[in-house]
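Residue-level structural notes
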Amino acid sequence: MFSHRKLLLAGFLGAGLIAAPALAFDFGRPATPAEIKLWDIDIGPDGKGLPDGGGSAVQGKQIFADNCAVCHGDNGQGGIKDRLVGGQGTLASNMPVKTVGSFWPYATTLYDYIHRAMPYPTPGSLSTDETYAVTAYILSLNGIIPADGKVDKDSLPKIRMPNRDGFIPDPEFDPAKLFRKK
Amino acid sequence: MTSRTPIELLPGHANVSRRGFVGGLSAGILGAAASEAAGAETLADVPDRGPGAELSAHSERSRFVKLDRIPEATPGKRNVDPGNAINSKTPHQKLVGNITPTDLHYERSHSGVPDIDPAQHRLLIHGMVSKPLVFSVEDLKRMPSITRIVFIECTGNGWENWKKADPDLTVQNTHGLVSTNEWTGVPLKFLIDLVAKDRSSNWMLAEGGDGAGVDRSIPLTDEILSEAFVAYGQNGEPLRPAHGFPMRLVMPGFEGNLNIKWLRRLKFGNAPWMTRWETARYTQLLADGKARQFQLRMETNSVITQPSGMMQIQPGYNRISGLAWSGHGKIAKVEVSTDGAKTWKQAQLSQPVLSKAQVRFQMDWVWDGKPTRIVSRSTDEQGNVQPDRQSFIAAMGTNALFHYNAQQTWSIDEAGRVRNVLA
């Protein structure tokens with residue numbers, strides 16, 4: 001029955017008619033909660049989306065050495081790809097060094113990015129706890145948490161990054177003002 | 001009259017004739033015509049006609065035409081190994097008209113070009129919606145579609161010239177990260193109606209199916225709601241893999257990075273997600289060390305492509321030609337100065353002038369053989385004027401890296417050599 005209705009609709013479109021809203025729901029198929037969970041990986045700055053679990057900078061050191069150092073250097077600098085550590089105090093100079101420590105405004109973005117995009121050859125291959133641990137290690141290298149610090153879904157959103165106030169929204173798309181009238 | 005004379009009348013191709021043909025193939029669009037002209041002084045020299053090659057399933061460019069993008073990395077990192085490239089630039093100095101050939105549309109990716117089987121690709125739309133849905137490519141193709149010609153521009157376009165102007169750059173190096181194609185797909189609004197978006201949701205996360213899972217937060221302004229679409233067609237055929245096959249978001253007038261390629265997820269929410277790309281990457285560091293965020297719209301811009309960097313011209317008649325575009329709407333006018341921005345003359349625009357698409361401009365010019373500087377500036381229908389270099393840098397500093405739209409100046413020396421300069 002489902003496919004039969006789709007056929008009918010395809011006929012209408014073929015005749016050049018715009019699909020009536022009443023038929024519109026017939027496109028695609030419902031997404032199940034289980035499959036949404038598989039893909040729903042984004043983490044908000046408020047920590048929304050962060051999973052249970054946690055990790056320490058001490059644990060992260062070895063995971064970083066095994067998975068990250070080849071591109072980012074042994075201590076998050078001096079590698080062939082993005083420098084992750086240092087650079088504080090350089091942003092207004094002629095040679096700004098933008099790193100997690102000097103530039104990134106939210107610690108939650110670090111978890112999100114490592115989980116979605118890293119390690120580069122096998123993105124998403126680190127476990128939840130390993131991702132927390134690497135996050136903690138990079139934060140500790142930048143002096144943002146102690147060398148024996150830990151992070152989890154409660155503590156990560158509470159971390160105040162050094163450059164948290166370093167961003168000025170473009171007036172046209174300032175999230176704080178954009179939809180206020182509505 | 002020497003055999004070189006006809007070539008030298010063609011703007012930007014004297015370098016071919018002067019050096020003979022050795023290494024001359026990197027000259028402009030008329031390189032092929034130049035070699036024909038040099039090889040056929042009189043009509044008697046034109047080769048006899050005869051049966052040509054067999055017809056084929058797929059046409060290739062003439063063997064006399066060489067058109068290539070160039071893979072590059074960050075500013076100053078040119079001629080890199082393709083494995084280290086992060087973008088690949090359009091050869092505007094060799095192109096005519098308004099539409100970029102599909103295989104030469106600029107390319108930027110953050111984790112290579114995925115090889116996606118469309119039968120296994122899915123688009124999930126969820127979040128603040130009543131009916132989260134999953135769509136296949138075939139589902140999208142069955143929906144009412146729109147077709148529109150728009151430019152897409154990487155926010156890094158122009159980034160070679162923030163701090164200095166390397167004199168040996170071509171316009172491909174300086175402005176090769178913008179292109180214009182015709183895209184076909186389904187209006188975002190149609191998809192939003194299908195999933196019954198919550199009225200209070202005014203931000204959307206768009207995410208790609210590439211290794212990096214590139215994602216950006218998009219404000220659902222009236223303009224974006226009426227213009228954004230999910231494209232599966234590019235210049236009449238399915239998207240090329242480099243440009244998002246099998247589906248991508250098209251955001252007319254906005255940062256290239258928002259036009260998420262290999263689109264696989266749209267999620268509705270009520271605040272930006274502060275992804276890596278909208279915090280650590282595509283934000284503009286100002287002189288005071290603060291970074292401008294959510295500068296999403298691409299600015300009013302233009303560049304002279306003919307003659308341009310590394311070409312050589314002859315005194316006498318030269319035709320100046322270039323491209324102008326604006327993320328604010330249509331280009332209203334383009335002015336060209338041939339005396340280093342002292343006086344300006346309005347150029348002709350090729351018709352039709354489309355909103356948020358590149359438009360070709362042209363102007364006749366007789367060069368007196370004295371060193372000078374040529375520069376273009378565009379004005380769009382909203383009255384935005386492309387800024388001169390000095391006032392642009394005064395406002396943005398030299399660290400912003402992205403959203404460079406200062407006027408592009410080419411210097412011409414007494415030998416007719418065209419070079420990249422700051423102003």
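What counts and how
- Residues numbered from 1 in each chain as written.
- Chains lettered and ligands numbered in written order.
- Predicted model: local features only at pLDDT ≥ 70, side-chain atom pairs only at ≥ 80, totals over all residues.
- Helix = DSSP H or I, 4+ residues; strand = E, 2+ residues; numbered from the N terminus.
- Buried ≥ 20, exposed ≤ 12 C-beta atoms within 10 Å, placed from the backbone.
- Contact = placed C-beta atoms within 7 Å.
- Rg over C-alpha atoms; globule rule 2.2 N^0.38 Å.
- Nonpolar A, V, L, I, M, F, W, Y, C, P; charged D, E, K, R; others polar.
- Pairing = 2+ DSSP bridges.
- Axes fitted to C-alpha atoms, helices over the stretch in contact; angles between N-to-C directions.
- Parallel < 35°, antiparallel > 145°, perpendicular 65-115°, else oblique.
- Core = buried A, V, L, I, M, F, W, Y, C linked by C-beta atoms within 7 Å.
- pLDDT = per-residue confidence, 0-100.

**Let's talk about the overall build of chain A**
Counting its secondary structure elements, chain A contains seven helices and four strands. Seen in sequence order, chain A has helices and strands lined up from the N terminus as α-α-β-α-β-α-α-α-α-β-β. When each of the 182 residues of chain A is scored for burial, the buried share is 36%. The contacts in chain A between residues at least 6 apart in sequence include a share of 56% that link residues at least 24 apart.

**Some thoughts on the overall build of chain B**
Along the backbone of chain B there are nine helices and 24 strands. Scaling as 2.2 N^0.38, a compact globule of 423 residues should have a C-alpha radius of gyration of about 22 Å, and chain B matches this with 23 Å. Every one of the 423 residues in chain B was classed for burial, and the buried ones make up 51%. Pairs at least 24 residues apart make up 69% of the contacts formed inside chain B by residues separated by at least 6 positions.

**A few points about the environment of H121 of chain B**
All names here are of chain B. Locating H121 in the fold gives a position in the loop between β3 (107–108) and β4 (123–127). On the basis of neighbour counts, which here come to 18 C-beta atoms within 10 Å, the residue H121 falls in the partly exposed class. Residues contacting H121, with those up to four places away along its chain left out, are I116, V137, G209, P246 and R264.

**A short note on unusual backbone geometry**
In this structure, the amide linkage connecting M118 of chain A to the following residue, P119 of chain A, adopts the cis form with an omega of -10 degrees. For P119 of chain A, the location among the structural elements is in the loop between α6 (107–117) and α7 (128–141). For the bond from Q351 of chain B to P352 of chain B, the omega torsion is -5 degrees, close enough to zero to count as cis. With respect to the helices, strands and loops of the structure, P352 of chain B is situated in the loop between β20 (348–349) and β21 (359–367). Of note, the phi angle at F294 of chain B is positive, near 60 degrees, even though the residue is not glycine. A positive phi is found at K356 of chain B, a non-glycine position, where the angle reads about 60 degrees.

**A few points about the interface of chain A and chain B**
Each partner contributes to the interface: chain A provides 43 residues, whereas chain B provides 45 residues. Of all the elements in the fold, those that place two or more residues in the side of chain A that touches chain B are α1 (2–14), α2 (21–24), β1 (29–30), α3 (33–39), α6 and β4 (167–169) of chain A. For the side of chain A that touches chain B, the leading source of residues is α6 of chain A, giving five residues. Considering only residue class, the side of chain A that touches chain B consists of 31 nonpolar, four polar and eight charged. Where β1 of chain A meets strand β5 (residues 133–135) of chain B, two bridges bridge the pair, whose relative direction is antiparallel. Paired with R29 of chain A across the bridge in β5 of chain B is V134 of chain B.

**Quick look at the packing of helix α4 (residues 57–67) of chain A against α7 of chain A**
Angle between the axes and distance between the axes: these two values describe a pair of packed helices. Residues and elements named next belong to chain A. At a closest axis distance of 7 Å, the pairing of α4 and α7 adopts a crossing angle of 100 degrees. The angle between α4 and α7 places the two elements in the roughly perpendicular class. Seen from α4, the contacting residues are A57, Q59, G60, K61, I63 and F64; seen from α7, they are E130, A133, V134, A136, Y137 and S140.

**Some points on the sheet that holds strand β19 (residues 345–346) of chain B**
All names here are of chain B. Taken in spatial order, the five strands make up an open sheet running β19-β18-β22-β23-β24, and their pairing is antiparallel. At either end of the open sheet lies a strand with only one pairing partner, and these are β19 and β24 (418–421). Direction of pairing for strand β18 (residues 331–337) relative to strand β22 (residues 372–380): antiparallel, over a ladder of six bridges. The partner of E335 across the bridge, within β22, is R377.

**Regarding the nonpolar core**
Side chains of a nonpolar character, in soluble globular proteins, are inclined to be buried together. Ranked by size, the top nonpolar core spans 126 residues in total, and within it V134 of chain A together with V230 of chain B carry the most contacts. A total of eight residues in this core trace back to one element, the largest contributor, which is α7 of chain A. Not counting the four nearest positions on each side in its chain, V134 of chain A is found in contact with G60, I63, F64, C68, I114 and L126 of chain A.

**Concerning the confidence of the model for chain A**
Atomic detail in the predicted coordinates should be set aside for any region of low pLDDT. The predicted model of chain A averages 89 in pLDDT, with 85% of residues at 70 or higher. Residue range residues 1–24 of chain A is modelled with pLDDT below 50. Its contacts to residues more than four positions away, or to other chains, number 17 contacts.

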